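The primary structure of each chain is shown beneath.
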Amino acid sequence: MIVTVRKGDNGSAVKAAQTQLNRYGAGLAVDGAFGDGTDAKVRSFQSSHGLDADGIVGPDTWRALVTGSSGGTGGGGGLLTQAQAASLFTSAGITWSSSGNCSDRYNSACTSFEGLRQASADGAVTLKRASNCALNITGGTETGHASGTYSHWNGYKLDFSPTTCLSNYITGTFTYSGTRGDGAALYTAPSGNVYARESSHWDVTFLN
């Protein structure tokens, strides 16, 4: 029987939820007390897995915690685990790096792929093959990026090192579409994917 827990609850079921959340880098104390910290991590986890971020650990959230996917009908399909995305990128010859040399999505110094959309991962592989450039990912789904529906956290964006090869491919292949509010030059692919040239990297939004 599945025990639903939420903020204010205490006991073994809360400990179990905290233990599962820690598998995804939550860093919670497994004390059985569902307080503000646990509530925040539950909501973040739900958001990254396409679930309603209500802070309630019910059947769908338990399923996602245990299996790594939502398994529901709320649009949560197509999200990858860190291991799945890393394997896909390694197979395609895509590298990644971070200032912290880590993959914890709750640490802004890391580069994480936890909760990355399958479409985004596939888009990166397509970019690698089409450009024939060396690709190095410097930003994924970790915290610290701008919020929004089509955000890093929600699995829509990846950052790439701005090598001469990649920059020449993007600017020579895709359509210049103006500048973003922060001044980044924008290039749009026929697929609708958007490439923004930030100061230290290419910020790519994979919409398809």
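This text goes with the structure placed above it.
Residues numbered from 1 in each chain as written. Predicted model: local features only at pLDDT ≥ 70, side-chain atom pairs only at ≥ 80, totals over all residues. Heavy atoms only, no water.

Caption draft 1: Region of interest: the state of the cysteines. Applying the stated rule across the entire model yields 2 disulfides. Disulfide pairing places Cys102 opposite Cys110 at an S-S distance of 1.9 Å. Disulfide Cys102-Cys110: torsion about the S-S bond near -100°, hence left-handed. A relative accessible area of 24% places Cys102 in the partly exposed class. A relative accessible area of 2% places Cys110 in the buried class. Linked covalently through their sulfurs, Cys133 and Cys165 form a disulfide whose S-S length is 2.0 Å. (Disulfide = S-S within 2.5 Å. Buried < 20%, exposed > 50% of the residue type's maximum accessible area, 1.4 Å probe, protein only.)

Caption draft 2: Local environment of unusual backbone geometry. A positive phi angle, near 50°, is found at Asn101, a position not held by glycine. Within the secondary structure, Asn101 sits in the loop between strand S2 (95-96) and strand S3 (116-117). Note on Asn101: relative accessible area 72%, which makes it exposed. (Helix = DSSP H or I, 4+ residues; strand = E, 2+ residues; numbered from the N terminus.)

Caption draft 3: Local environment of the nonpolar core. Within the largest apolar cluster, 24 residues are counted, with the highest numbers of intra-cluster contacts made by Phe89, Leu158, Phe160, Ile170, Tyr195 and Trp202. The leading source of residues in this core is helix H5 (residues 118-131), at 4 residues. Apart from the residues lying within four places of it in its own chain, the contact partners of Ile170 are Tyr187, Tyr195 and Trp202. Of all hydrophobic cores here, the second largest spans 18 residues; its members include Ala26, Leu28, Leu65 and Tyr106. (Core = buried A, V, L, I, M, F, W, Y, C linked by side-chain atoms within 4.5 Å. Contact = heavy atoms within 4.5 Å.)

Caption draft 4: Representation of the side chain of Glu114. In this structure, Glu114 sits in the loop between S2 and S3. At 3.0 Å, the side chain of Glu114 forms a polar contact with the backbone nitrogen of Gln82. Apart from the residues lying within four places of it in its own chain, the contact partners of Glu114 are Tyr24, His49, Leu80, Thr81, Gln82, Arg105 and Thr141. (Polar contact = N/O pair within 3.5 Å; in protein donor to acceptor, adjacent residues only side chain to side chain.)

Caption draft 5: Spotlight on helix H3 (residues 59-67). All of the buried residues in H3 are Thr61, Trp62, Ala64 and Leu65. Each buried residue of H3 lies within a common arc of 165° when the element is viewed along its axis, so the set occupies one face. Those residues of H3 hidden inside the fold are in contact with helix H1 (12-22) and helix H2 (36-48). (Arc of directions from axis to C-beta.)

Caption draft 6: How the structure looks around the packing of aromatic side chains. Tallying each qualifying case throughout the model produces 11 aromatic pairs. A centroid spacing of 5.6 Å and a plane angle of 85° characterise the contact between Tyr169 and Phe174, whose relative ring orientation is edge-to-face. Exposure remark for Tyr169: the relative accessible area of 19% places this residue in the buried category. When its relative accessible area of 13% is taken as the criterion, Phe174 is described as buried. Judged by centre distance (5.5 Å) and plane angle (65°), the rings of Tyr176 and Tyr187 are edge-to-face. Placement of the pair is Tyr176 in strand S6 (residues 175-179) and Tyr187 in strand S7 (residues 185-188), with a sequence separation of 11 residues. Judged by its relative accessible area of 48%, Tyr176 is partly exposed. You can call Tyr187 buried: its relative accessible area is 14%. In this structure an aromatic cluster arises from ring pairing among Phe89, Trp96 and Phe113. Its guanidinium or amino end placed over the ring of Trp153, Arg105 lies 3.6 Å from that ring's centre, counting from NZ or CZ. (Phe/Tyr/Trp six-rings, centres within 6.5 Å; stacked < 30°, edge-to-face > 60°. Lys NZ or Arg CZ within 6 Å of the ring centre and 35° of its normal.)

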